[in-house]
Structures are given as structure tokens and as C-alpha cells.
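Chain by chain, the residues:
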Amino acid sequence: MSLIEEIRTRQNITKDQLVHLLTTEDESLLTRLKITARAVADSVYGNQIFIRGLIEFTNYCKNDCYYCGIRRSNTRSDRYRLTEDQILSCCQNGYELGFRTFVLQGGEDPWYSDDKICAVVSRIRSSYPDCAVTLSIGEKSEESYQRFFDAGADRYLLRHETADETHYRKLHPEEMSLSHRKNCLRTLKRIGYQTGCGFMVGSPFQTMDSLYEDLMFILELQPEMTGIGPFIPHKDTPFADRPAGTLDRTLRLLSIIRLLHPHVLLPATTALGTIHPLGREMGIQAGANVVMPNLSPTDVRGKYLLYDNKICTGDEAAECRCCMQRRMEGIGYEVVTDRGDFR
Ligand code: 5AD
Ligand code: FES
């Protein structure tokens with residue numbers, strides 16, 4: 001059996017196989033990797049691409065992750081919070097554009113208490129009963145996660161960032177821990193969220209061993225979603241001078257994840273679109289099946305800067321839905337007006 005068929009049928013991978021797939025220059029093998037991953041995605045989701053409306057509602061953050069542009073130590077970040085009414089008006093605009101999932105993403109901002117989060121979630125769910133709400137607001141207690149779920153949140157994104165303890169320490173200050181983060185993810189699954197983990201490709205100090213741990217963690221957690229995108233340096237962080245992750249490695253990893261975990265909801269991320277003008281299209285062709293255009297008000301988009309040169313931050317980007325639809329149709333895929341649940 002060929003290497004790719006073996007990975008696909010066993011839904012597992014050895015470290016040697018991973019290293020081989022990430023380092024080979026055998027173009028015919030790489031073509032087969034991509035084509036097989038796309039065929040697996042087609043077999044589960046067809047040529048439909050799910051869209052999520054991303055609402056970046058606060059860029060205040062109490063954490064200090066070394067890679068992130070909105071870390072608390074970055075005094076040059078221009079901080080903002082959207083009000084509940086502003087968030088609801090993003091949803092209304094999004095609903096009219098055909099979005100049926102809203103992703104509320106923010107820094108870990110204590111001003112947004114559990115009561116406030118619950119209030120906005122339940123207001124969205126009652127205003128738009130046919131829509132799903134995804135939260136992406138970091139590490140919280142089990143009690144908080146349960147409250148958000150009871151208020152109507154369907155899904156939760158919490159990238160694990162790296163499943164390698166030593167690597168985790170190099171990306172985060174002492175006060176954060178990998179074990180706590182993994183526990184949050186297990187709690188989210190147990191409560192019943194469609195749960196997403198994920199990591200950056202090419203983050204500083206990442207090794208083949210840490211990437212292998214990332215894949216093993218995905219196989220163990222069996223997340224409904226996995227977010228991966230290239231690391232991109234931000235000028236006002238300790239990693240300002242580090243090189244970005246590459247398009248090529250991100251695409252290979254998207255394909256490998258699709259083979260290992262065929263049903264996963266896998267976005268072609270904004271970061272991928274930032275390192276290459278056609279990055280998101282290439283992500284879909286490598287096996288991704290979700291895109292998450294920005295629905296935030298244009299006047300704050302330029303402030304939610306996790307990394308430099310982020311796309312879709314100018315006024316000209318007000319219509320990401322139409323842009324995304326055009327882009328996906330251009331490569332033969334259909335953007336659907338659907339919650340886009342895990343199958
Ligand atoms: N480059 C790419 N992705 C980043 N993230 C944070 N900072 C960066 C960066 N500099 C990612 C993290 C986080 C998600 C919301 O954005 O993986 O979980
Ligand atoms: Fe935002 Fe293209 S998706 S401008």
C-alpha cells in the first residue's frame with residue numbers, strides 16, 4: 001500500500017511518516033497527498049464550503065502569549081470592545097448576507113463577565129434561531145463553560161497552540177499551562193460543545209516532535225474542528241524578528257489532518273490568506289472545508305491585530321461574504337447558507 005493510502009486507511013501516522021511528508025520534495029507524492037485529502041473532504045462534505053461570520057468583539061486580553069499582538073504587555077495595541085448592540089448588529093448584517101454561524105472571538109477580557117457573555121449568546125440565539133454560535137474566548141472554568149452552553153452556545157474554539165510541554169513553555173509565560181489548556185478542551189467536549197483545537201504552523205521553536213505531538217493530540221481529542229494557520233510575527237511582540245510559517249508546510253499539514261480525521265471541520269484561515277493572496281483557495285484545495293470571513297465593524301478591524309499585515313482590515317473589505325463566494329466559486333466550490341454542523 002502506498003504511504004498516503006496507509007495513512008488514510010489506518011487514520012494514523014508514525015513520526016517517520018510525518019517527517020517524510022513534511023520534508024519530501026517528491027512532487028508526485030505531494031500531489032497525491034493533496035488530491036487524496038481533497039477527495040476525503042469531498043466524500044464527507046462534497047463541494048460545499050461552510051462560512052462562519054467572525055466577530056472580533058474585544059481585543060483586551062489578560063494573557064501575555066509571546067506570539068500574539070494583543071498580549072497585555074503590548075501598550076501600542078489600540079484597545080476596543082464592542083457593545084452587545086454592536087455585536088447584534090454585526091449578526092443582523094451577517095444574517096442578511098447568508099451567514100448561519102457567528103463566531104464571537106476575543107482576548108481573555110474579564111470586563112466581559114460570564115453574565116455579559118450569556119446575555120449576548122442568548123440574545124443571538126433567540127433573534128436567529130436557525131444560527132449556531134461559536135465562542136472563542138479562551139480558558140474559563142467548567143462552570144462558566146456550562147453556563148455559556150446553557151445560554152445557547154453550540155461550539156467552542158480553543159487552540160491548544162502546541163501539545164509539546166517544552167514548546168508550550170517557550171510560547172507562553174509561567175502563569176499558563178498546557179495541562180490546563182488540554183483540560184479545558186476535554187471539559188468542553190464533555191459538556192457537549194462541538195469543540196475545536198489547533199495550532200500555528202512554524203511558531204518559534206516548533207520541531208517535528210512537537211508537530212507529531214499536535215497530531216497525536218488531535219487523534220486523542222477527536223475534535224469536531226481544528227484551526228491551523230501559519231505563525232506570522234507581530235512587530236510589537238518578543239517574536240517580532242522570527243520568520244513566519246510557510247504556505248507549503250501549512251498546506252501539507254492541512255492535508256495530513258484531513259487524512260487522519262476525515263470529518264473534521266477544517267478552516268482555510270485568515271493567516272493563510274495573509275501569507276499568500278490565494279492561500280485560502282489553496283487551503284481548500286488541500287482539504288479544508290470552512291472559511292471564516294470577518295464580520296466585525298470596519299472601524300475596529302484594523303485593531304484586532306494578532307499578527308502583522310492581516311488581510312480584510314480595510315474599508316474595501318466590508319464585503320467579505322461576496323469576496324469569499326467569488327473566491328470559492330473560482331475554484332469550483334459552493335459557499336452554502338447553512339449552520340455547517342459537524343457530520
Ligand atoms: N500568528 C498567527 N496566528 C496567531 N495567533 C495568535 N497570534 C498569532 C500570530 N502571531 C492565533 C493563535 C490563537 C488564534 C486566535 O490566533 O493560535 O489561538
Ligand atoms: Fe475579506 Fe476577501 S474575504 S476581503
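As annotated in an unreviewed UniProt entry, the chain is [FeFe] hydrogenase H-cluster radical SAM maturase HydE from Suilimivivens aceti.

Caption draft 1: Structural detail: helix H2 (residues 15-23). Those residues of H2 lying buried are Gln17, Leu18, Leu21 and Leu22. End-on view of H2: buried residues confined to an arc of 125°, all on one side of the axis. Looking at the buried positions of H2, the neighbouring elements they touch are helix H1 (3-10), helix H3 (27-45), helix H9 (208-221) and helix H10 (247-260).

Caption draft 2: Spatial organisation of the environment of Val264. Its place among the elements puts Val264 in the loop between H10 and helix H11 (270-275). The spatial distance from the C-alpha of Val264 to the C-alpha of Thr226 is 6.8 Å, given a sequence separation of 38 residues.

Caption draft 3: Representation of the UniProt feature "domain: Radical SAM core" (unreviewed entry) in the chain. Mapped onto this numbering, the UniProt entry gives "domain: Radical SAM core" (unreviewed entry) at residues 47-269. Taken as a whole, residues 47-269 contains 39% helix and 17% strand, while its terminal C-alpha atoms sit 18 Å from one another.

Caption draft 4: How the structure looks around the packing of aromatic side chains. Within this structure, the stated rule accounts for 11 aromatic pairs. A ring pair is formed by Trp111 and Tyr112, whose centres lie 5.0 Å apart and whose planes are at 80°; its orientation type is edge-to-face. On the basis of relative accessibility, which here comes to 42%, the residue Trp111 falls in the partly exposed class. Judged by relative accessible area, Tyr112 falls into the buried class, the value being 5%. With a centroid separation of 5.0 Å and an interplanar angle of 65°, the aromatic rings of Phe149 and Tyr193 are classed as edge-to-face. A residue pair is termed long-range when its members are at least 10 positions apart, and Phe149 in helix H6 (residues 142-151) and Tyr193 in the loop between helix H8 (178-191) and strand E6 (194-201) qualify at 44 residues. Here Phe149 falls in the partly exposed class, since its relative accessible area comes to 26%. In this structure Tyr193 comes out as buried when scored by relative accessible area, which is 2%. Clustering of aromatic rings is evident, with ring pairs tying together Tyr66, Phe205, Phe231 and Phe239.

Conventions adopted
- Residues numbered from 1 in each chain as written.
- Chains lettered and ligands numbered in written order.
- Predicted model: local features only at pLDDT ≥ 70, side-chain atom pairs only at ≥ 80, totals over all residues.
- Heavy atoms only, no water.
- Buried < 20%, exposed > 50% of the residue type's maximum accessible area, 1.4 Å probe, protein only.
- Helix = DSSP H or I, 4+ residues; strand = E, 2+ residues; numbered from the N terminus.
- Arc of directions from axis to C-beta.
- Contact = heavy atoms within 4.5 Å.
- UniProt positions renumbered as here; feature names shortened; annotations may be inferred.
- Phe/Tyr/Trp six-rings, centres within 6.5 Å; stacked < 30°, edge-to-face > 60°.

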